[in-house]
Amino acid sequence: MTITKTEIYKYTIPMVPFTIATGTMANAQNLLVRIHTSEGIIGVGECSAFPMIVGETQATCYEMAKDFATQWKHKDAADITARMEELDLLTAGNFTAKSAFDLALYDIAAKAAQLPLYQYLGGQKKTIESDLTIGIGTPEEMAATAVTFVEKNVKIIKVKLGKKPEEDIERIRQIRKAIGNDTRLRIDANQGWSYEGAVKALTALGEFDIQFCEQPMRRWNDERLPELCRISPIPIMADESVFTHYDAERIIRNKACASINIKFAKSGGIHEAIKINDVAEKNQIPCMMGGMLESRVALTAKVHFAMAKNNVKFYDLDTCLLGHLADPVTGGVTYQGMQLLLPDAIGIGADVDPAYLQKLEQVVI
């Protein structure tokens, strides 16, 4: 089953500006690929560039995608390992761009097997309930948002922090005061604190019943994570510190996290995400399925993966609810409250409305 051509789209989605510690995004800078094969099967893949975290933009992903598509033309779509190894030899990093191509290959493989992707990956359906995220604002604004979430029966709230520790402590204090103690809180500093700031924030926040804290410091401070883990009353989840399974092995070996956030845009897709999860599971380290600002195409792939891997115990799958002003996806998962409902279509089971695609910058290789 050979690859005959690849459609590449600058898949921009307008959104309400969303702020984290490292900056603000006003549009989802996504890329969509549709890989055609000699058997008539089309694989669909999407990635979401988040330059402040991964260092890729929609423009860089688009240019790299042209090279990837050229490299793969007339190659075997069924040999996922060989195809992904080719991309790793072609360029170091660029995991976000690679992830769109990886997802398309897994879509093709599951469609060829006439199976939904989660079954192709060896899984079965289970309940997936996501948190819902509050972007950074004033303590008063964030507390008011948290109240609206609780009124909508959101059971788990993720709070973006990573500014001045004193301000972040006040943000959580006001949120917890406003919503009480029945709603689970998670926090994510997105590398925003120094080591000293992380110690100050985490020790002070210990009284507010926080489930875990994602990525308190820049990844170049990873050597200080073991010490921080010993001091912090809040368990620490590694996010930007883990791109590949080699990172996972290093972080776990150094006792530098309690859990790991897997994102396709960091790992390069499903192929590497499986390896990260395997390393974590072997070491009794649970994982979370997270993401950037993907539409319901990549979101659906993430739900398939989460259903296939029992070590994925936490779900941060609210990307489509973070201010997207358009939903051009056909098929795919839907939300029932914060639960994600997956249809039984074969493959990933999601695509984008052709009318929406026609308006986008595109190329066919």
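It should be emphasised that the depicted structure is a prediction, and the values quoted were computed from it without experimental measurement. (Residues numbered from 1 in each chain as written. Predicted model: local features only at pLDDT ≥ 70, side-chain atom pairs only at ≥ 80, totals over all residues. Heavy atoms only, no water.)

K.L.:
Got a minute to help me understand empty space enclosed by the protein in this structure?
P.N.:
It is a probe the size of a water molecule, rolled over the atoms, that shows where empty space is left. Summed over all chains, the structure comprises 1 cavity of 30 Å³ or more. Estimates place the volume of the largest cavity at around 160 Å³. Lining the largest cavity are 18 residues, with Phe18, Lys160, Lys263, Gly291 and Met292 positioned closest to its centre. Looking at the lining of the largest cavity, the elements that each hand over two or more residues are strand 1 (3–20) and strand 5 (156–160). Looking at the lining of the largest cavity residue by residue, the classes come out as 7 nonpolar, 4 polar and 7 charged. (1 Å grid on protein atoms, 1.4 Å probe; cavity = no way out; pocket = protein on both sides within 12 Å on 5 of 7 lines; lining within 4 Å. Points joined across faces, edges and corners; volume = space filled by probe spheres on them. Helix = DSSP H or I, 4+ residues; strand = E, 2+ residues; numbered from the N terminus. Nonpolar A, V, L, I, M, F, W, Y, C, P; charged D, E, K, R; others polar.)

K.L.:
Please clarify how the side chain of Lys98 should be interpreted in this entry.
P.N.:
You can see Lys98 is positioned in helix 4 (residues 95–112). The exposure class of Lys98 is buried, given its relative accessible area of 2%. Looking at Lys98, its side chain comes within polar contact range of the side chain of Asp88, at 2.7 Å. (Buried < 20%, exposed > 50% of the residue type's maximum accessible area, 1.4 Å probe, protein only. Polar contact = N/O pair within 3.5 Å; in protein donor to acceptor, adjacent residues only side chain to side chain.)

K.L.:
Can you help me understand the environment of Asp209 in this one?
P.N.:
Following the sequence through the fold, Asp209 ends up in the loop between helix 8 (195–205) and strand 7 (210–214). Through-space distance from the C-alpha of Asp209 to that of Leu185 is 7.2 Å; in sequence the pair is 24 residues apart. With sequence-adjacent residues up to four places away left out, Asp209 is seen in contact with Arg176 and Leu185. (Contact = heavy atoms within 4.5 Å.)

K.L.:
So what exactly am I meant to see when it comes to the pairing of strand 9 (residues 259–262) here?
P.N.:
Taken residue by residue, a regular strand's side chains alternate between the two faces of the sheet. Residues Ser259 and Asn261 of strand 9 are buried on one face, and the alternating residues Ile260 and Ile262, pointing to the opposite face, are buried as well. As paired elements, strand 8 (residues 236–238) and strand 9 share 2 bridges and run parallel to each other. Directly across from Met237, in strand 9, lies its bridge partner Ser259. Running through helix 10 (residues 245–253), the crossover from strand 8 to the neighbouring parallel element strand 9 is right-handed. Two elements, strand 9 and strand 10 (residues 287–289), share 3 bridges in a ladder whose sense is parallel. Bridge pairing links Ile262 to Met289 in strand 10. (Pairing = 2+ DSSP bridges. Right-handed = clockwise from strand over helix to strand, strands pointing away.)

K.L.:
It is not clear to me how the sheet that holds strand 11 (residues 312–315) should be interpreted in this structure. Could you clarify?
P.N.:
Whenever strands of a sheet pair, they do so through backbone hydrogen bonds, lying parallel or antiparallel. The strand order 4-5-6-7-8-9-10-11 describes an open sheet built from 8 strands, whose pairing is parallel. Two strands in the sheet have a free side with no partner beyond their single neighbour: strand 4 (132–134) and strand 11. Adjacent strand axes in the sheet meet at a mean angle of 30°, parallel and antiparallel pairs treated alike. With 3 bridges joining them, strand 10 and strand 11 adopt parallel strand pairing. Following the sheet pairing, Met288 is matched in strand 11 by Phe314. Sitting on the sheet, helix 7 (residues 165–179) is in contact with strand 4, strand 5, strand 6 (184–188) and strand 7, with an inclination near 165° to strand 6. The strands that helix 12 (residues 270–282) touches are strand 9, strand 10 and strand 11; relative to strand 9, the one it contacts most, it runs at about 170°. (Axes fitted to C-alpha atoms, helices over the stretch in contact; angles between N-to-C directions.)

K.L.:
Mind showing me how you'd approach the nonpolar core here?
P.N.:
Generally speaking, a soluble globular protein has its nonpolar side chains buried in company with each other. Membership of the largest hydrophobic core comes to 124 residues, with the highest contact counts inside it found for Phe101, Ile187, Ile260 and Phe305. Take this core: its biggest share by element is 11 residues, from helix 4. Discounting chain neighbours no more than four positions away, the residues touching Ile260 are Met237, Ala238, Val242, Ala248, Ile252, Ile276, Ala280, Ile285, Pro286, Cys287 and Met288. (Core = buried A, V, L, I, M, F, W, Y, C linked by side-chain atoms within 4.5 Å.)

K.L.:
Help me understand the pattern of salt bridges, please; the structure alone is not making it clear to me.
P.N.:
Enumeration over the complete set of coordinates arrives at 28 salt bridges. Salt-bridge contacts for Asp88 lead to Lys98; the nearest nitrogen and oxygen are separated by 2.7 Å. Taken together, the residues Asp88 in helix 3 (residues 80–90) and Lys98 in helix 4 connect sequence positions 10 residues apart. Among the residues examined, Asp88 registers a relative accessible area of 43% and is labelled partly exposed. Among the salt bridges present, the one from Arg171 reaches Asp168, with a minimum N-O distance of 2.8 Å. Separated by 3 residues within a single helix, Arg171 and Asp168 lie in helix 7, roughly one turn from each other. Here the two residues Arg171 and Asp168 agree in accessibility, since each one is buried. Connected via shared salt-bridge partners are Lys158, Lys160, Asp188, Glu214 and Asp316. (Salt bridge = Lys/Arg side-chain N within 4 Å of Asp/Glu carboxyl O.)

K.L.:
Looking at this structure, I do not really get the packing of helix 10 against helix 12. What am I missing?
P.N.:
Running from N to C, helix 10 and helix 12 cross one another at 20°; their axes reach a closest spacing of 8 Å. Between helix 10 and helix 12, the angle falls in the class roughly parallel. The interaxial crossing formed by helix 10 with helix 12 has right-handed handedness. Counting all contacts with helix 10, which are made through His245, Ala248, Glu249 and Ile252, the residues of helix 12 involved are Glu272, Lys275, Ile276, Val279 and Ala280. When grouped by side-chain class, the residues that make up the contact of helix 10 with helix 12 number 5 nonpolar, 1 polar and 3 charged. (Parallel < 35°, antiparallel > 145°, perpendicular 65-115°, else oblique. Left-handed = near helix turned anticlockwise from the far one by under 90°.)

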